[in-house]
Number of protein chains: 2
Amino acid sequence: MNKEKDSIGYLGPQGTFSQQAALQYTDQKNLVAFPTIADVLEAVDQGKVHKGIVPIENSIEGTVNMTLDMMVFDVDVKLQKEIVIPIEHHLLVQKGTPIEKIQKVFSHPQALGQCRKFLHQYLPHVPVVFSSSTAEAVKLVSESTQPWAAIGTALSGELYGLQRIYSHIQDQTVNETRFMVVGKKDAPLGKTCKTSIAFSTKETHKPGELYKILNILALWEINMTKIVSRPAKNKLGQYIFFLDLEGHREEDLLQEALGMIQRKTSFLKILGSYEIFQ
Amino acid sequence: MNKEKDSIGYLGPQGTFSQQAALQYTDQKNLVAFPTIADVLEAVDQGKVHKGIVPIENSIEGTVNMTLDMMVFDVDVKLQKEIVIPIEHHLLVQKGTPIEKIQKVFSHPQALGQCRKFLHQYLPHVPVVFSSSTAEAVKLVSESTQPWAAIGTALSGELYGLQRIYSHIQDQTVNETRFMVVGKKDAPLGKTCKTSIAFSTKETHKPGELYKILNILALWEINMTKIVSRPAKNKLGQYIFFLDLEGHREEDLLQEALGMIQRKTSFLKILGSYEIFQ
């Protein structure tokens, strides 16, 4: 077994939600951390790793935009499988540090933002400090001799030997991130799948153009679970639409509908048919 | 003149693109930096500042999601005016540091990602280090005695006394961020405006539901410049759509169309009619 070929890339460092998603996907040991989403996707594209795991929606560490833009413009990889991870934040300290002694709280700005009510109630006068990831914050606190705290994942707390003194401290009770497993091929027919596509309409800004595409979906009775428009790179005023559709691109109905969409768009890229998270 | 009442909040620290947008919007001196987008919006909502400036699309420091979600669910503020800022990254060092001596490069992960080709060509073996913002990176390098470099804005380089040794080092030549001025009221009638709305359809996932809304826009001949769907918070599987429409909500056609949209949706919030950037 070729170790390199079977390795799986994820958005690091260790202890991130991306690693959590990777561990949920596989019990393989050869996980490789990359510093950015772009690095993960390029490693898959160039065959340096077999698969990659990247956040695609609502993430703490990155944005869906970077993943989607890269997939449309920069790499040729396919979505294979969806993984949904509940985002749960915990207050982590070195063993024996009581909450009233905490002098600083470190975390990623979005994680700090998601725990504002907790911070306001329990640590109202303690300064917060931004880190580049929740895992980075946990590492920093674990290496310090100061009475500091980090907001991070349960996994990162375990990795760096910190103690969890408050659990589930995020404001929203429902808070999830969607990750995608990507590879050189998409999912095989047979499982319950969704298909993501990206396209540009022939005329932009006109509601009638997008309306035509939704008309196609209505005619073929294909459900859409997501729609996003984004400015096309390099072309000011040009838009690209991203749609998530129920079904596999090789199933008859969706295949026909995609054929018709192709005829009504100036650009179409199928980002992959992927097994849904259940 | 009440100083507090006339102050304008922005996403800090000093030297960010948000501050650049604020300076482009006003020559007032009482600009107030806030640590997060949520803090800016709440300060406007609670009357602590008169107006706020927040990124809404394609930003380096924050995500559109946080701004839009806050505006729908958490605060009652209105979009007033759009400001578009070209995102230009520069390589900044302490005076006299030559490029071949640079040992580390600091910046926000997204800025580093946007300058990958430059880094690959000019600083191929130099480690990169993440900061919570480009301005934070510039501050750090300015305070250090090491031969470090930061990727940041021209403004932050000036603020912290660093030297620009390479300019416009981003990979994409067109790279912009849209900011919004928000306040308690939206723009008055008379200027060229767009209107942002958020709504939920009565049945989710059905293409026919969104299709109805686009049908209304086609009937009243209202151009749409953006569409985004996002999961509704607390309601798994429920979606909220964000639309940018040409026109002011008090203009006859748009007013009628919005009335019809209200009848076909289970939830509708008008986020404001705002003067477009020209």
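**Considerations on the overall build of chain A**
Argument step 1. Within chain A one finds 9 helices and 14 strands.
Argument step 2. Based on the C-alpha atoms only, the size of chain A along its principal axes is roughly 65 × 50 × 35 Å.
Argument step 3. Counting only residues that meet the buried cut, chain A has 50% of its 278 residues in that class.
Argument step 4. Long-range contacts, defined here as pairs at least 24 residues apart, represent 73% of the contacts in chain A between residues at least 6 apart.

**Quick notes on helix H9 (residues 252-264) of chain B**
All names here are of chain B.
Argument step 1. Helix length check: H9, at 13 residues, gives a terminal C-alpha distance of 19 Å against a target of 18 Å (1.5 Å per residue), a fit within 8%.
Argument step 2. Here H9 has its buried residues at Leu254, Ala257, Leu258 and Ile261. The arc that holds the buried residues of H9, viewed along the axis, is 105 degrees, so those residues lie on one side. What points out from H9, more than 90 degrees from its buried face, is the exposed set Asp252, Gly259 and Arg263.

**Topic: the sheet that holds strand E9 (residues 163-166) of chain B**
All names here are of chain B.
Argument step 1. Judged by pairing direction, the sheet is mixed, and its 5 strands sit side by side in the order E7-E6-E8-E5-E9 without closing on themselves. Edge positions in the sheet fall to strand E7 (128-130) and E9, since each of these pairs with one other strand and no more. Neighbouring strand axes in the sheet, compared pairwise and without regard to direction, differ in orientation by 35 degrees on average.
Argument step 2. Across the sheet, helix H6 (residues 134-143) lies against strand E5 (90-93), strand E6 (104-107) and strand E8 (148-152), angled at about 155 degrees from E8, the strand it touches most.

**Things to note about the sheet that holds strand E5 (residues 90-93) of chain A**
By definition, the strands of a sheet pair up through backbone hydrogen bonds, in either a parallel or an antiparallel sense.
Residues and elements named next belong to chain A.
Argument step 1. Across the sheet, which stays open at both edges, the 5 strands sit in the order E7-E6-E8-E5-E9 with mixed pairing between neighbours. Strands with a single pairing partner mark the edges of an open sheet, and in this sheet they are strand E7 (128-130) and strand E9 (163-166). Neighbour to neighbour, the strand axes of the sheet diverge by 35 degrees on average, direction disregarded.
Argument step 2. Here strand E6 (residues 104-107) runs beside E7; their pairing, made up of 3 bridges, is parallel. Its bridge partner being in E7, Ser107 is matched across the sheet by Phe130.

**Some remarks on the domain arrangement of chain A**
Argument step 1. For chain A, the assigned domains read domain 1 (8-87 + 175-183), domain 2 (91-165) and domain 3 (193-275).
Argument step 2. With centres defined by C-alpha atoms, the gap from domain 2 of chain A to domain 3 of chain A works out at 43 Å.

**Comments concerning the environment of Lys184(B)**
Residue and element names in this part refer to chain B.
Argument step 1. Looking at the element boundaries, Lys184 is found in the loop between strand E10 (176-183) and strand E11 (193-201).
Argument step 2. Lys184 sits in the partly exposed class, given 13 other C-beta atoms within 10 Å.
Argument step 3. Along the primary structure Lys184 and Gly52 are separated by 132 residues, whereas in three dimensions their C-alpha atoms are 9.9 Å apart.
Argument step 4. Discounting residues that sit within four places of it in the chain, Lys184 has contacts with Val77 and Lys78.

**Considerations on the environment of Ser133(A)**
Residues and elements named next belong to chain A.
Argument step 1. Its place among the elements puts Ser133 in the loop between E7 and helix H6 (134-143).
Argument step 2. For Ser133, a count of 26 C-beta atoms within 10 Å translates into the label buried.
Argument step 3. For Ser133 and Thr192, which are 59 residues apart along the polypeptide, the C-alpha to C-alpha distance reads 33 Å.

**Examining helix H2 (residues 37-45) of chain A**
Argument step 1. With 7 of 9 residues buried, H2(A) lies mostly within the body of the structure.
Argument step 2. Positive backbone phi, approximately 75 degrees, marks Gly47(A), located one or two places after H2(A).

Rules behind the numbers
Residues numbered from 1 in each chain as written. Chains lettered and ligands numbered in written order. Predicted model: local features only at pLDDT ≥ 70, side-chain atom pairs only at ≥ 80, totals over all residues. Helix = DSSP H or I, 4+ residues; strand = E, 2+ residues; numbered from the N terminus. Buried ≥ 20, exposed ≤ 12 C-beta atoms within 10 Å, placed from the backbone. Contact = placed C-beta atoms within 7 Å. Expected span 1.5 Å × (residues − 1). Arc of directions from axis to C-beta. Pairing = 2+ DSSP bridges. Axes fitted to C-alpha atoms, helices over the stretch in contact; angles between N-to-C directions. Domains from an automatic or database assignment.

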